[in-house]
Amino acid sequence: MKKLFSILLFVTLFAAAWTSKAAAQDPQPPSDDDVNRVARQLFCPVCENTPLDVCPTEACRQWRALIREKLAAGWSDEQIKQYFVEQYGARVLSEPPRQGWYWAFYLIPVVLLLLGVYILYRAFTSMRQPLSESAQVEAAPESPAAVETQGQQDYLRRVEEELKKRN
Amino acid sequence: MFADFGFGVLVITFLLSLYGISAALIGHFKKKQAWVESARLSMLLTFPLLTLGALTLIYLLVTNDFTVKFVYDVISFDMPLYLKITALWGGQSGSLLFWSWLMAAFATAVTLRKWDRDREFLPWVVIVSCVTIAFFLGLNIFFENPFAHFWVSVSGEIFPATFQPANARLVTLDEIGNGTGLNPLLRHPGMIIHPPMLYLGFVAFVIPFAFALAALVTGRTDDRWIRLTRRWTLIAWLFLSLGLVLGGRWAYDVLGWGGYWGWDPVEIAAFMPWLTGTAFLHSVMIQEKRGMLKHWNMILIILTYALVIFGTFLTRSGVLSSVHAFAQSAIGPSFFIFIGVTFVISVALLIYRWAELKSEGQMQSMFSREALFLLNNLLFMGILVVCFWGVISPLISELLTNQKVTVGPPYYERAAGPLFGALLLLMGIAPLSAWGHTTLKNLAAQSNLQLEKRYALAIARLLWKPAVPALLVLIGLFASGIRDIYALIGLTLAALTTSITAYEFWRAARARSRAQQENFFVALWRLAGRNRRRYGGYTIHLGVVLMALGIIGIEMFQTQTQKSMAVGENIQISGYTLRYDSLAQFPSEDGRQVTRAVLSVFDKNGALLGELHPRYDVYPSGEPMTIPGVRSTLADDLYVVLVNWEGVSEQTTPFKIYHNPLVNWLWLGAFVFIFGTLIAAWPDEERETIPAQARSTQAAFQPGD
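Definitions and cut-offs
- Residues numbered from 1 in each chain as written.
- Chains lettered and ligands numbered in written order.
- Predicted model: local features only at pLDDT ≥ 70, side-chain atom pairs only at ≥ 80, totals over all residues.
- Heavy atoms only, no water.
- Helix = DSSP H or I, 4+ residues; strand = E, 2+ residues; numbered from the N terminus.
- Buried < 20%, exposed > 50% of the residue type's maximum accessible area, 1.4 Å probe, protein only.
- Contact = heavy atoms within 4.5 Å.
- Areas by Shrake-Rupley, 256 points an atom, 1.4 Å probe, with all protein chains shown as cover.
- Salt bridge = Lys/Arg side-chain N within 4 Å of Asp/Glu carboxyl O.
- Core = buried A, V, L, I, M, F, W, Y, C linked by side-chain atoms within 4.5 Å.
- Arc of directions from axis to C-beta.
- Polar contact = N/O pair within 3.5 Å; in protein donor to acceptor, adjacent residues only side chain to side chain.
- Patch = residues over 30% accessible without salt bridge, like charges linked within 9 Å, V, L, I, M, F, W, Y side chains within 5 Å.
- Pairing = 2+ DSSP bridges.
- Phe/Tyr/Trp six-rings, centres within 6.5 Å; stacked < 30°, edge-to-face > 60°.
- Lys NZ or Arg CZ within 6 Å of the ring centre and 35° of its normal.
- Axes fitted to C-alpha atoms, helices over the stretch in contact; angles between N-to-C directions.
- Parallel < 35°, antiparallel > 145°, perpendicular 65-115°, else oblique.
- Left-handed = near helix turned anticlockwise from the far one by under 90°.
- Nonpolar A, V, L, I, M, F, W, Y, C, P; charged D, E, K, R; others polar.

## As for the overall build of chain B
Counting secondary structure elements, chain B contains 22 helices and 13 strands. Here chain B, with 705 residues, has 56% of them falling under the buried criterion. In chain B, once contacts between residues fewer than 6 apart in sequence are set aside, the share between residues at least 24 apart is 69%. When the accessible surface of chain B is totalled, it reaches about 28900 Å², and 65% of it is carbon and sulfur.

## Quick word on the overall build of chain A
Looking only at helices and strands, chain A has 7 helices and 0 strands in total. From first element to last, N terminus to C terminus, chain A shows the α and β order α-α-α-α-α-α-α. Scored against the burial criterion, the 167 residues of chain A give a buried share of 29%. A sequence separation of at least 24 residues applies to 47% of the contacts in chain A between residues at least 6 apart.

## Considering the pattern of salt bridges
Residue and element names in this part refer to chain B. Under the counting rule described, the total for this entry stands at 31 salt bridges over all chains. The salt bridge partner of Arg 187 is Asp 78, with a shortest N-O separation of 3.8 Å. Placement of the pair is Arg 187 in the loop between α7 (173-176) and α8 (190-204) and Asp 78 in the loop between α3 (69-74) and α4 (81-86), with a sequence separation of 109 residues. Through salt bridges with shared partners, one network takes in Arg 113, Asp 118, Glu 120, Arg 220, Asp 222 and Arg 224.

## What about the nonpolar core?
If you look at the biggest cluster of nonpolar residues, it comprises 168 residues, and the most contacted ones within it are Trp 99, Phe 121, Val 125, Phe 211, Trp 225, Trp 274 and Phe 335 of chain B. Broken down by element, this core gets its largest block of residues, 16 residues, from helix α10 (residues 224-254) of chain B. With residues up to four places along the chain from it excluded, the contact list for Phe 211 of chain B reads Val 110, Arg 113, Trp 115, Phe 121, Val 125, Trp 225, Leu 228 and Thr 229 of chain B. Of all hydrophobic cores here, the second largest spans 18 residues; its members include Leu 42, Cys 44, Cys 47 and Ile 67 of chain A.

## Regarding helix α19 (residues 520-530) of chain B
Residues and elements named next belong to chain B. Looking at α19, one finds that the buried residues are Ala 523, Leu 527 and Ala 528. Looking straight down α19, one finds that the buried residues subtend no more than 130° of arc, so they occupy a single side. Exposed residues pointing more than 90 degrees away from the buried face of α19 are listed as Phe 521 and Trp 525. Residues of α19 that are buried sit in contact with α18 (485-516) and α20 (532-557). Here α19 starts with a cap whose side-chain oxygen sits 2.7 Å from the backbone nitrogen of Phe 521, and that cap is Asn 519.

## Some thoughts on a nonpolar patch on the surface
Taken together, the side chains of Ile 108, Leu 112, Leu 115, Tyr 118, Ile 119 and Tyr 121 of chain A define a hydrophobic patch exposed on the protein surface, amounting to about 590 Å² of accessible area. By relative accessible area, Leu 115 of chain A is classed as partly exposed at 45%.

## As for the pairing of strand β2 (residues 158-161) of chain B
All names here are of chain B. Sheet analysis places strand β1 (residues 149-152) next to β2, joined by 4 bridges and oriented antiparallel. Directly across from His 149, in β2, lies its bridge partner Ala 161. With antiparallel pairing between neighbouring strands as the criterion, β1 and β2 make up a hairpin whose turn holds 5 residues, including Gly 156 at a positive phi of roughly 90°.

## Quick look at unusual backbone geometry
Residues and elements named next belong to chain B. Of note, the phi angle at Lys 31 is positive, near 55°, even though the residue is not glycine. Phi is positive for Asn 167, close to 60°, though the residue is something other than glycine. Of note, Asn 167 is situated in the loop between β2 and β3 (169-170).

## Notes on the packing of aromatic side chains
Each aromatic ring pair is specified by the distance between its two centres and by the angle formed by the two planes. Enumeration over the complete set of coordinates arrives at 51 aromatic pairs over all chains. Measuring from ring centre to ring centre gives 3.9 Å for Phe 135 of chain B and Phe 338 of chain B, while their planes differ by 5°; the resulting arrangement is stacked. Taken together, the residues span a long stretch of sequence, with Phe 135 of chain B in helix α6 (residues 122-142) and Phe 338 of chain B in helix α13 (residues 332-352) at a distance of 203 residues. Sitting over the face of the ring of Trp 75 of chain A, Lys 70 of chain A holds its NZ or CZ atom 4.3 Å from the ring centroid.

## Here's the deal with the pairing of strand β7 (residues 593-602) of chain B
All names here are of chain B. With 8 of its 10 residues buried, β7 lies for the most part within the structure. The pairing of strand β6 (residues 576-587) with β7 spans 10 bridges and is classified as antiparallel. Looking at the pairing, Ala 584 lines up with Arg 596 of β7. Between β6 and β7, which pair antiparallel in sequence order, lie 5 residues; one of them, Gly 591, sits at a positive phi of approximately 90°. The sheet contact formed by β7 and strand β9 (residues 615-618) spans 4 bridges and is antiparallel. Residue pairing for β9: Val 594 is matched across the bridge by Asp 617. Looking at chain direction, β7 and strand β8 (residues 608-612) are connected through 4 bridges and run antiparallel. When the sheet's bridge partners are listed, Phe 602 is paired in β8 with Leu 608. As consecutive antiparallel partners, β7 and β8 are separated by 5 residues, and within that stretch Gly 606 has a phi angle of approximately 85°, a positive value.

## Re the packing of α6 of chain B against helix α9 (residues 206-218) of chain B
All names here are of chain B. At their nearest, the axes of α6 and α9 sit 8 Å apart, and the two run at 135° to each other. Judged on the interaxial angle alone, α9 and α6 are oblique. In this structure, α6 crosses over α9, and the sense of that crossing is right-handed. Contacts from Trp 124, Val 125, Val 128, Ser 129 and Thr 132 of α6 reach α9 at Val 206, Phe 209, Ala 210, Phe 211, Leu 213, Ala 214, Val 217 and Thr 218. Looking at the contact of α6 with α9, its residues break down into 10 nonpolar, 3 polar and no charged.

## Re the sheet that holds strand β11 (residues 629-632) of chain B
Here we have 4 strands laid out as an open sheet, ordered β4-β13-β12-β11 (chain B), and antiparallel in their pairing. Edge positions in the open sheet fall to β4 (559-565) and β11 of chain B, since each of these has one partner strand only. On average, each strand axis in the sheet is tilted by 15° relative to the strand beside it, whichever way the strands run. One ladder, built from 4 bridges, connects β11 of chain B with strand β12 (residues 636-642) of chain B; its direction is antiparallel. Pairing of Val 630 of chain B across the sheet is with Tyr 639 of chain B, part of β12 of chain B. Helix α2 (residues 32-39) of chain A contacts β4 and β13 (653-661) of chain B of the sheet and is inclined by roughly 130° relative to β4 of chain B. The sheet contacts of α20 of chain B involve β4 and β13 of chain B, and relative to β13 of chain B the element is tilted by about 135°.

## Description of the side chain of His 659 of chain B
All names here are of chain B. Position of His 659 relative to the elements: it lies in strand β13. At 2.7 Å, the side chain of His 659 forms a polar contact with the side chain of Asp 636. Sequence-distant contacts of His 659, defined by excluding residues within four places in its chain, comprise Phe 557, Gln 558, Thr 559, Ile 573, Ser 574, Tyr 576, Asp 636, Asp 637 and Leu 638.

## A short note on the sheet that holds β2 of chain B
The strand order across the open sheet formed by 3 strands is β2-β1-β3 (chain B), and the pairing between neighbours is antiparallel. The open sheet is flanked by β2 and β3 of chain B, the only strands paired with a single partner.

## What to know about the packing of helix α11 (residues 265-290) of chain B against helix α12 (residues 294-317) of chain B
Helix-helix packing is characterised by the crossing angle of the two axes and by the distance between the axes. Residue and element names in this part refer to chain B. One way to put it is that α11 packs onto α12 with a least axis distance of 9 Å and a crossing angle of 165°. One element, α11, and the other, α12, form an angle in the roughly antiparallel class. Regarding α11 and α12, the two cross each other, and that crossing is left-handed. Per-class residue counts for the contact of α11 with α12 are 16 nonpolar, 8 polar and 1 charged.

In structure tokens, the structure reads:
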């Protein structure tokens, strides 16, 4: 009796689990919006740079039908994406996967940006050095000719400034 | 035989530009003014000649001369006249000719200016312009001749060639029949205006580059080249901006994906020279006012030129296949070599003159105008790096690993988004820099804190009043239930920038109206007239803020849904209800088969707002074209696409519906933007009176300089 009871319990529990799982798996067929949600993240190898959800070609229509099938079978978005990657390679994803060599793709622009920040910082500091210092060093060996060109340059600069005002 | 005439004109112009280059070189090195003048005149002739060439091709297009291969490829009998004319730039070889033609227009315009003060620049401006024209004409002559005929061989095979092959005869019109006609995506009024604007923007940037190189070669390293090209640069920039905006609008109208910008490599190709060009427009002001950043401005204009050619290369060579890559051919290598050679020569010249381009000024503080402009440049360069890397990394990946990767919108949005946000903020505080450090110093004079802190304090004092409306906006947004942190930041920044800029206009105009006893609006008008560049610039900034509003709206708040409906069914989206009323199929006058749906739009309370008519047309060639039905208001767009590729039948019709909030502000902002650029670029009346005096003072330095 006790044994029979435990068998019954086991069977009912199993059946309950089975039915609830089935119910969770297939509540209703996936909507167009569900399909598009996945399709938006994929690019077919033929129609480059056109996301799958707006691509009008026949091949892409079939891909969307495949997504619908997989969704109906209870696959998650990630599983479906993985499936397409295995079939067609990483290029079906909207950006390179974050693994292996592909990390270089993400790191290089960051490195370049940091380099830019560094250059800018250097520019700031160097440009904040008073000009007079460097000017004095250069102006030290003054020959008469240099004085003359210096004077001429100053005059030229004043002329330019005058013109700037009028411009 | 019009086609042969056209080809002859191209060859003559090509030879003429080569002559111009040689004459300018001789004139420069032998110091013979007559040679330089001869070079100038040959450049002057390029535009009239190429006009003749382009008109010949247009004549062939309009008269449906299908014995010419290019005409056959882009035209069919049923196309309207305006499309037959615009088909000039609807295919590879024609658009290269169009490029040269526009380039020649600018080159010729440059030759007509007064050269009195800048004789030494002339030969080099001629050389750079003529090299560019000769390169593009060379592509036309040697690879992509728009005037190539169809011939019939003895065996009856029809094939294209420039010259008559042995044993072949010219094809007759009857043998050819009707042409293929233009790609349906290009059969749109946008075709009239978008490509010309983009190309004008591209070619116009060649002029400042030519002057920059002239300055480098001649060693005239002052800011004269920048002053001379200021207006050219602004015009180039205006055209390029217009080209980009119009392209976005066109995509929104015909591509049916509910957006205006898809981060497609070809869009980015046009965007990259815009980025460097914009950075250049800003940083030249620092050189003009303070004599700083001379190297940097050279680098920027060299980059802009390289990116202009690179952009044309991407669009024209088919190196990246994308939705824009209608035209593919084997001209890639020549482009690549040309970009490489011109870039290396320009950089070599810059290094050669490096020491002479020394900075005259010095940085006052981290909050000075120079610092803000440098930061602005850093951000533009950052976005450029993001874009450039996104475009070339699939190519690199393919080269190195034989595996292509896709770099799609998520990458660009994540990487460039924060940089755009920072630019928005910087644009907001830009007016502060106009006061210069002295005003700030006075404001901060009382405290004896460290210099940086004093500036920070002074800026805070200037900022608090306009910051109040921005804060109110933030509170309002939060209260209305918006919790997306990026949207909150973006919209608050937009509000801050608007209020600071408006405050700046108001302050200055009020001060003037008090001092001059003028009406406030008169004062505002005269103020803008007196410093067009500054107030034009602020107006452009306001335009950009409006555009940012539209972009934030569509990027962050777009919703979409798709559903297959039978007649009478409803679909809901963002408070709207759309009812599918009917579907009709009918032929149009020009032979298209039109399928058109009617949907009624109701608001939350069930009031009828109007009807939408999404449709798709099938061209005689069998190519379909989807045209969305759009209901546009200042608050939002309702954008309905008939998803014909999923199969349309009487019983069930699939519709895709997008709700795009605020997107109209993007287009409105563009108008403000254009207005601002026109204010900044408008010619001054008094300008012509200066040269008399200028010449007399300048003459003394002419010979040795």
